[in-house]
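The primary structure of each chain is shown beneath.
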Amino acid sequence: APCRGPKDFPKLKNDAFLLACRGQETPHVPVWCMRQAGRYLPEFRESRAGKDFFATCRSPAACCELTLQPLRRFPFDAAIIFSDILVIPQAMGMDVQMVAGKGPTFPEPLKEPEDLLLLQSKVDVNKELDYVFKAITLTRHKLEGKVPLIGFTGAPWTLMAYMIEGGGSTTQSKAKRWLYRHPEASHQLLKMLTDIIVEYLLGQVAAGAQALQVFESHAGCLGPAEFQEFSLPYLRDIARKVKDQLKESGQDVPMIVFAKDGHYGLEDLSQSHYEVVGLDWTIDPRSARERTGGKVSLQGNMDPCALYAPKERIYEIVKKMLEGFGTRGYIANLGHGLYPDMDPENVGAFVEAVHAHSRHLLNLK
Ligand code: 1CP
């Protein structure tokens, strides 16, 4: 691995999350939240105020601070590095801006297959995304071994969708048009992204990431057949290639796949070389367990909007969720990210409910 400065990382004090990823026994069910570093926290809004989003992503000190903020408030069992999935299209030469009130925007999205020629096909990941690696190394030190640090990436289809849509979209019809009209060019782009993602994830591990999550946020707009053709093979390739490479240097890092709204692919996802399958709230915990047959750990899946409920109700919902998933091979999380208008107090109640009720269930055993 390339030298990225001192590797004398502090000793890990809470390994519940890493144990749960591998289906091993834990003293409590570990919990973290997608988008735990985010606008629902006043200190986040203050740190981000008046600063360009992607300039923040390029500052290792800022990313480290934003990653640590939620951990100062809540006893989360994992940290996730502050960054964004769209740093990859940027590294490939595309312009991406964060437009207030609109979200990420590509002024010049891909329109036709010829546009692939405009992309940097051989991306020097270690150079272009070095700022993410630096942020990870710095954060590993500043975490002082409190909890493990998760690295992440967008999955190929989700990144392709942004690169063609030019931003968020409800139908993804421009991107899906490519799948039906330009399948070969689609595979070419997905393959290009897969190669970069593999290097990117390996770089994150070399920098200090202790687990990796792959976000297929736009799985939901694909049907089972399109998922089989344009998403799953690449998700599998990523896990296999990252694991093979890590094995060569005697390393092993748990990997999580989160295909939002991809319930039709649950059986396949549980056999795609990932230790953990992340679930959105449209799947019932018990049926998710049945369909994945104990082959993987599961992560999720409380409806984020349940955080609008009073605290006692949150406790009841968490109780049901824990009883549905069981306490083994389970990581509590939301079914998607926190929204900016959520009350930090209720996030605290969620974390507390997971810890307290899972300890109770484990003591009954
Ligand atoms: O100014 C701001 O702070 C904007 C809000 C924000 C934040 C906090 C964006 C813009 N990105 C992020 C950080 C981020 N993005 C993290 C940080 C770590 C954490 O979770 O605490 C992560 C993991 C992501 C990943 C990400 N970015 C995904 C995958 C997860 C998901 O939500 O499905 C996606 C789809 C994005 C794109 C993106 N970035 C930001 C927004 C608002 C969006 C969604 C745009 C859209 O599709 O409409």
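Described below are features of the structure shown in this document. (Residues numbered from 1 in each chain as written. Predicted model: local features only at pLDDT ≥ 70, side-chain atom pairs only at ≥ 80, totals over all residues. Heavy atoms only, no water.)

### Re the site of the ligand
Around the ligand there are 22 residues in total, and Arg 35, Arg 48, Tyr 162, Ser 217 and His 336 lie nearest to it. Residue Ala 37 places a main-chain N or O atom 2.9 Å away from an oxygen atom belonging to the ligand. Between the ligand and the protein, one listed contact pairs a nitrogen atom with a side-chain N or O atom of Asp 84 at 2.8 Å. The fraction of the free accessible surface of the ligand (890 Å²) that becomes covered by protein chains is 86%. Of the residues in the shell around the ligand, the class split is 13 nonpolar, five polar and four charged. (Near = heavy atom within 4 Å. Polar contact = N/O pair within 3.5 Å; in protein donor to acceptor, adjacent residues only side chain to side chain. Areas by Shrake-Rupley, 256 points an atom, 1.4 Å probe, with all protein chains shown as cover. Nonpolar A, V, L, I, M, F, W, Y, C, P; charged D, E, K, R; others polar.)

### As for the sheet that holds strand 5 (residues 211-216)
If you walk across this open sheet you meet the seven strands as 1-4-5-6-7-8-9, and the pairing is parallel. Single-partner strands in this sheet number two, and they are strand 1 (79-80) and strand 9 (330-334). Where strand 8 (residues 297-302) lies against strand 9, five bridges are found, and the strand directions are parallel. Its bridge partner being in strand 9, Leu 298 is matched across the sheet by Tyr 330. (Pairing = 2+ DSSP bridges. Helix = DSSP H or I, 4+ residues; strand = E, 2+ residues; numbered from the N terminus.)

### Some thoughts on helix 7 (residues 130-142)
With 13 residues, helix 7 extends 18 Å between its outermost C-alpha atoms, agreeing within 8% with the 18 Å of an ideal straight helix rising 1.5 Å per residue. Within the span of helix 7, buried status applies to Tyr 131, Val 132, Phe 133, Ala 135, Ile 136, Thr 137, Thr 139 and Arg 140. Summarising the contacts, the buried residues of helix 7 are in contact with helix 3 (53-57), helix 4 (60-73), helix 5 (87-91), helix 6 (125-128), strand 4 (149-154) and helix 10 (183-207). At the exit of helix 7 stands Glu 144, carrying a positive phi of roughly 55 degrees. (Expected span 1.5 Å × (residues − 1). Buried < 20%, exposed > 50% of the residue type's maximum accessible area, 1.4 Å probe, protein only. Contact = heavy atoms within 4.5 Å.)

### Comments concerning the pairing of strand 9
In terms of burial, strand 9 is largely enclosed, as five of its five residues are buried. Across the two faces of strand 9 the burial is the same, with Tyr 330, Ala 332 and Leu 334 and Ile 331 and Asn 333 all buried. Taken together, strand 8, helix 15 (residues 311-325) and strand 9 constitute a β-α-β crossover, and its handedness is right-handed. (Right-handed = clockwise from strand over helix to strand, strands pointing away.)

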